[in-house]
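Spelled out from the first residue to the last, the chains are:
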Amino acid sequence: QVQLVESGGGLVQAGGFLRLSCAASGRTFSRYAMGWFRQAPGKEREFVAAIIWSGGSTYYADSVKGRFTISRDILQNTVYLQMNSLKPEDTALYYCAAGRVPLAVRAGSSYDYWGRGTQVTVSS
């Protein structure tokens, strides 16, 4: 059974940083892409970043490019999202997702597995 477990969320001041982790288990992810999505209250879920497990190609939303970095640790089966220069508008519930490649990395509907999310709150 595939499990994705996010951690690392919290409350931080604007300009601060957080690192989110997504521990993946239950299968081999070598043919998968791992994505981070977020959803703020009253808003639709939106793509944040993705990484192709094999090869490490990365993709970012324009709103986080240059501030966020996605990476993966193959041995630990863990995906990270380093978030720097955080803004109040980054406040959301952040989800980790896994989908088999090839897929549309920015489309949530392309992903097969989802975690329960970790809350990120950025105060001004």
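Residues numbered from 1 in each chain as written. Predicted model: local features only at pLDDT ≥ 70, side-chain atom pairs only at ≥ 80, totals over all residues. Heavy atoms only, no water.

Some points on the overall build of the protein chain
Convention followed: By the criteria applied, helices consist of DSSP H or I runs no shorter than four residues and strands consist of E runs no shorter than two, each listed in order from the N terminus. Restricting the calculation to C-alpha atoms gives the radius of gyration, and the globule rule supplies 2.2 Å times the number of residues raised to the power 0.38.
A tally of regular secondary structure across the protein chain gives zero helices and eleven strands. Of the regular secondary structure in the protein chain, the N- to C-terminal order runs β-β-β-β-β-β-β-β-β-β-β. Compactness check: the protein chain gives a C-alpha radius of gyration of 13 Å against a globular reference of 14 Å for 124 residues, within 12% of the reference. Expressed along its principal axes, the backbone C-alpha trace of the protein chain runs to roughly 40 × 25 × 25 Å.

Thoughts on the sheet that holds strand β3 (residues 18-25)
Here is the rule we go by: Strand pairing is assigned whenever DSSP identifies at least 2 bridges connecting the two strands. Every angle, taken between N-to-C directions, lies between 0 and 180 degrees, and every axis is a line fitted to C-alpha atoms, over only the stretch in contact when it is a helix.
Ordered by their spatial adjacency, four strands build an open sheet running β1-β3-β8-β7, and the pairing between neighbours is antiparallel. Every interior strand has two partners, whereas the edge strands, β1 (3-7) and β7 (68-73), have only one. The mean angle between the axes of side-by-side strands here comes to 15°, regardless of whether they run parallel or antiparallel. In terms of strand pairing, β7 meets strand β8 (residues 78-83) through six bridges, oriented antiparallel. In the strand pairing of β8, Arg 72 is matched with Val 79.

Description of unusual backbone geometry
With the exception of glycine, most residues fall at negative phi, and the peptide bonds are largely trans. Heads up, the condition is: Between buried and exposed lies partly exposed: a residue is buried under 20% and exposed over 50% of the maximum accessible area for its type, with that area taken using a 1.4 Å probe on protein chains only.
Here Val 101 and Pro 102 are connected by a cis peptide whose omega angle stands at 0°. Here Asn 77, not a glycine, exhibits a phi torsion of approximately 55°, which is positive. Here Asn 77 shows up in the loop between β7 and β8. Positive phi is not limited to glycine here, since Ser 85 has a value of about 50°. Mapped onto the elements, Ser 85 comes out in the loop between β8 and β9 (92-100). For Ser 85, a relative accessible area of 42% gives the class partly exposed.

Digging into the nonpolar core
Condition: To qualify as a nonpolar core, a set must consist of buried Ala, Val, Leu, Ile, Met, Phe, Trp, Tyr and Cys residues joined through side-chain atoms within 4.5 Å. Contacts between residues were defined by any pair of non-hydrogen atoms, one from each residue, lying within 4.5 Å.
Grouped together as the largest cluster of nonpolar side chains are 40 residues, with contacts concentrated most on Phe 29, Met 34, Trp 36, Leu 81, Met 83 and Tyr 94. Contributing elements (two or more residues each) for this core: β3, β4 (32-39), β5 (46-52), β7, β8, β9 and β11 (118-123). Residue contributions to this core peak at six residues, all from β5. Those residues in contact with Phe 29 that sit more than four places away from it in its chain are Val 2, Leu 4, Ala 24, Met 34, Trp 53, Asn 77 and Ala 98.

Any link to function would need more than the numbers given here.
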